[in-house]
Number of protein chains: 2
Amino acid sequence: MYPQRANLPEALANRREKLSKLVDFPVILWSGSPLSRNFRANVYPFRASSHFLYFAGWGLENAAICLEAGKLELFIDAPLPSSTLWHGETPTPSAIAETIGADAVYPLSELSSKAAGAATIPVQDISTYQQQCDILGRFLPPADKLQGIDLVLAEAIVKLRSHHDAAALAEIKQAANCSIEAHLAGIRASRTSTTEAEVRAAMERVILAQQMTCAYNSIVTTHGEILHSDRYHHSLQPGDLLLADVGAENSMGWASDITRTFPVSGKFSPTQREIYQIVLAAHDDCIAKIRPGVEYRDLHLLAGEVITQGLVDLGILKGKVANLLARDAHALFFPHGVGHLLGLDVHDMEDLGDLVGYQAGRTRSDRFGLCYLRLDRPLETGMVVTIEPGLYQVPAILNDPDKRAKYQDAVNWERLAQFSDVRGIRIEDDVLVTNIGAEVLTAKLPTTIEAMEGNG
Amino acid sequence: MYPQRANLPEALANRREKLSKLVDFPVILWSGSPLSRNFRANVYPFRASSHFLYFAGWGLENAAICLEAGKLELFIDAPLPSSTLWHGETPTPSAIAETIGADAVYPLSELSSKAAGAATIPVQDISTYQQQCDILGRFLPPADKLQGIDLVLAEAIVKLRSHHDAAALAEIKQAANCSIEAHLAGIRASRTSTTEAEVRAAMERVILAQQMTCAYNSIVTTHGEILHSDRYHHSLQPGDLLLADVGAENSMGWASDITRTFPVSGKFSPTQREIYQIVLAAHDDCIAKIRPGVEYRDLHLLAGEVITQGLVDLGILKGKVANLLARDAHALFFPHGVGHLLGLDVHDMEDLGDLVGYQAGRTRSDRFGLCYLRLDRPLETGMVVTIEPGLYQVPAILNDPDKRAKYQDAVNWERLAQFSDVRGIRIEDDVLVTNIGAEVLTAKLPTTIEAMEGNG
Ligand SMILES: [Mn+2]
Ligand SMILES: [Mn+2]
């Protein structure tokens, strides 16, 4: 139960030090409390607030930290004597304080003495959120609509958490390595499984066996065109592609996020192969462009361009690539952003809204091809982003009468019909922006046609 | 996504019919809403309120039902057009209504027109709980402290849900069969695994592969004496026993709950074998006694007696069995109740508190040997209970100075020390009370020494 990390106190002190240069008021961060499932004692596995985790380094339940001028004070109650019977020996508050390098530790009842002038970020669970309001003595707006010192704090946290330190990178790499093994197991399992559920189970088994958890609800589906498919009931048919978007979160709460799409039979059809190669080219071209200073939005546009060019080459789209892009014709087949920041959250800091992904002065476009873009900032060293272009035939888009009318001349619908065995393909990797370019943290999991046709 | 159940409308109509004989006011039950993990869009897998599930038969998100005089009205909003892009085609409200046999379906905004004089049960998630209070226009106490018509409703629901109909039993059996396979996989995996986590992963893989989920957080530990151990970090050593308390919940929300304890090496030590046989005898003797009219409390006392006799025979306890029982000496080693009701919840209806487990006029004992008993009612046909005696060496109990003083003469501490390789053993099955006795729903999973030494 102790985080087994060398230099955890030093890493945390370093984060506090940086924070203290950005804010001159006390900060209180709450970890949150377990959420009940069907009755109070039956809880979902606890996951502490990411902002708390970033500065506390330990997913403690019902705890808070106060950060001020580089100091760390921990607020947590000692376990009840009766809890030893049910949960065994658990660390004392002072042992916890020592492990994370806290300067002092107090029971939670002392927290209100720190409340004056303190900023915070509201957590996800409502009961802790109510405690936050109570103790601070003021109403807290949702985390994506903060004001005053809370907004200043959020901006500071975005600065810090956008650039990963060595300790964070080690965690993300650990999670990524587990995800790689899960995907290899998934490819292997798909060759002999009869349902999506069996492949999902084989993949999540790897994650559980390494004492990790899923960073998000896995997508494992033959219907890749259902972008957030969260069911696993389809049977696997020989001609199917299976899209698996599965990522581990390690014991310290750090995420990874990988998608691979592979043929259940071990062999792409010619049409599947054509489309796969377009998505792979978009993926590779985006990653090749990554370096500090590059606009993430330009990567998104590049993916759109590669996809458009590929579809023109196949005769599915008609006309000049530049014109098609200007009309957002690519978004008919690529209706999401090319990726997002990754860290303690799979969509890192998404609780804070577009403050995270959109540079000051920039707002989301309402263009069909850009509205889903989660990140519109120049890349900086230390960022970890996903690159995840995809190509889908979404009935809700392609059968929409307005879209069909608008893009009637842009699409060769007869030609498109020949690709009906390609419902959805996505390829996603996690990429660190380095001084000199990019390091693909998930590179050990191949993306080639050959690898997807192999046995994991 | 549609529940694939023949006669679902009939089964639900039957439950409403029975309810209408017990309450003469309208009832509104809410399903609840998904709970966020680290940011809003990253949710825990949704699990509808059990009371809603019992009468609605479908784990719908953000829905409510109104029950009155045998009629079923469904309140749910149509999916947003944009949700089709992310989630694919989802059933319309009228298709849902038809599947569950609702008499009418309305958008949620209509629900307030039904609020006057309606009773409810508060759900677990606070945001839906706040909606409940808002729409009913009154404060709702916690579900275990209801008053007025809500209490009358809770009592009626306890009557109904305590006795399972044929539809419910079919669901519980499906969940139990999956759990049996998971345990067989766990025994098999333990022979080659190096950590608790690997065995847990092998077991939960079976549950996920069958499109089910865990009814509760699995316990898979070599430290069975930590009664609610929820971590999986210990390595497996050749002399270890592994205690696995793992149960599937099927797609309709029905639970199962099985514990087996087996030697990692495939071979019990002589001391482990002695203790295992005591627990098994308690388990078998309790199940043999089950029939309508038998007091569940007497089964608990019987388990205590068998355990006490066994420990006296081994020379671990000293004195007369009756005297030792009167002094609660058995509770030193068996510090929990012998089981609980099972249904949609693994501890069925535990949200309603001791209203469920304790017959009117009975309250929890404060005796060391009885205070954890969850069920103190005469058994009735149609109940499903767990029988789960156990024998543990809990340091928090056995090293407690008060307990050591009190039981100084009752325990042969030197003899006990010879059993140090037995930290915790529990054997748990799910048992249906029938007209003529008992049906062990989990009987296909053996409990014998030979089976625990085999390869699953
Ligand atoms: Mn992603
Ligand atoms: Mn149980």
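Residues numbered from 1 in each chain as written. Chains lettered and ligands numbered in written order. Predicted model: local features only at pLDDT ≥ 70, side-chain atom pairs only at ≥ 80, totals over all residues. Heavy atoms only, no water.

Going by an unreviewed UniProt entry, chain A carries the name Xaa-Pro aminopeptidase and comes from Merismopedia glauca CCAP 1448/3. Quoted verbatim from the Catalytic activity (unreviewed entry) field of the UniProt record, the comment on chain A reads "Release of any N-terminal amino acid, including proline, that is linked to proline, even from a dipeptide or tripeptide." Regarding chain A, the UniProt comment filed under Cofactor (unreviewed entry) reads as follows: "Mn(2+)". (UniProt positions renumbered as here; feature names shortened; annotations may be inferred.)

Summarise the sheet that holds strand β2 (residues 64-68) of chain B; cite the residues concerned and give the values.
All names here are of chain B. Read from one edge of the open sheet, 4 strands run β1-β2-β3-β4, paired in mixed fashion. Single-partner strands in this sheet number two, and they are β1 (27-30) and β4 (104-106). Adjacent strand axes in the sheet meet at a mean angle of 20°, parallel and antiparallel pairs treated alike. Strand direction decides the pairing type here: β1 and β2, joined by 4 bridges, are antiparallel. Each residue of the ladder has a partner; that of Ile 28, found in β2, is Cys 66. (Pairing = 2+ DSSP bridges. Helix = DSSP H or I, 4+ residues; strand = E, 2+ residues; numbered from the N terminus. Axes fitted to C-alpha atoms, helices over the stretch in contact; angles between N-to-C directions.)

Describe the coordination of the manganese ion (ligand 2), and please don't skip the residues or the numbers.
Residues and elements named next belong to chain B. Protein coordination of the manganese ion (ligand 2) is provided by Asp 257 (OD), His 340 (NE2), Glu 388 (OE) and Glu 428 (OE), with donor distances spanning 2.0 to 2.3 Å. In primary-sequence terms, the residues that donate to the manganese ion (ligand 2) follow D-x82-H-x47-E-x39-E. Of the two residues, His 340 is situated in the loop between α11 (321-326) and α12 (354-357) and Glu 428 in the loop between β12 (424-426) and β13 (429-434); the sequence distance between them amounts to 88 residues. Exposure class is identical for His 340 and Glu 428. Each is buried. (Donors = N, O, S within 2.8 Å, 3.2 Å for Na, K, Ca; no water. Buried < 20%, exposed > 50% of the residue type's maximum accessible area, 1.4 Å probe, protein only.)

Can you explain helix α1 (residues 8-20) of chain B? Please cite residues and give values.
Residue and element names in this part refer to chain B. An ideal rise of 1.5 Å per residue puts 18 Å on 13 residues; α1 measures up with 18 Å between its terminal C-alpha atoms. Along α1, the positions that sit buried rather than exposed are Leu 8, Ala 11, Leu 12, Arg 15, Arg 16 and Leu 19. Down the axis of α1, the buried side of the element spans an arc of 135°, and every buried residue falls inside it. (Expected span 1.5 Å × (residues − 1). Arc of directions from axis to C-beta.)

Summarise the pairing of strand β3 (residues 71-75) of chain B; cite the residues concerned and give the values.
All names here are of chain B. Across the 5 residues of β3, 4 count as buried, placing the element largely inside the fold. When β2 meets β3, the two strands line up antiparallel, connected through 5 bridges. Within β3, the position partnered with Glu 68 by the bridge is Lys 71. The antiparallel hairpin formed by β2 and β3 contains 2 residues in its connecting segment, where Ala 69 sits at a positive phi of about 50°. In this structure, β3 lies alongside β4, joined through 3 bridges in parallel fashion. Bridging from a neighbouring strand, Glu 73 pairs with Ala 104 of β4.

Please give an account of the interface of chain B and chain A that cites residues and values.
A common measure of how large an interface is: the accessible area buried when the components associate. The partner chain A presents 62 residues to the 62 residues of chain B that form the contact. Carbon and sulfur atoms make up 58% of the surface buried where chain B meets chain A, a total of about 5,300 Å² over both sides. When the buried surface of chain B facing chain A is broken down by residue, Phe39(B), Leu85(B) and Trp86(B) rank first, second and third, together holding 15% of it. On inspection of chain B and its partner chain A, the count reaches 2 salt bridges. Arg37(A) serves as the salt-bridge partner of Glu249(B), at 2.9 Å between the closest nitrogen and oxygen. The interface formed by chain B and chain A includes 18 residue pairs in polar contact (both at pLDDT 80 or more). Residue assignment for the side of chain B that touches chain A shows that the elements contributing at least two residues are α3 (81-87), α5 (126-136), α8 (196-209), β5 (213-214) and α13 (395-398) of chain B. Sorting elements by how many residues they give to the side of chain B that touches chain A places α8(B) first, with 9 residues. When its residues are assigned to classes, the side of chain B that touches chain A shows 29 nonpolar, 19 polar and 14 charged. (Contact = heavy atoms within 4.5 Å. Buried area = accessible area lost by both parts, 1.4 Å probe. Salt bridge = Lys/Arg side-chain N within 4 Å of Asp/Glu carboxyl O. Polar contact = N/O pair within 3.5 Å; in protein donor to acceptor, adjacent residues only side chain to side chain. Nonpolar A, V, L, I, M, F, W, Y, C, P; charged D, E, K, R; others polar.)

Go over the relation of the copies chain B and chain A, please, and point to the residues and values.
Aligned on chain A, chain B shows an RMSD of 0.0 Å; the corresponding rotation is 180° and the shift along the axis is 0.0 Å. Taken together, the rotation angle and the small translation identify this as a two-fold axis. Judged by C-alpha distance, Arg205(B) is the residue of chain B that lies nearest the rotation axis, at 2.8 Å. When the interface residues of chain B are mapped onto chain A, 100% of them again fall at the interface, so both copies present the same face. (Least-squares fit on C-alpha atoms with pLDDT ≥ 70 in both.)

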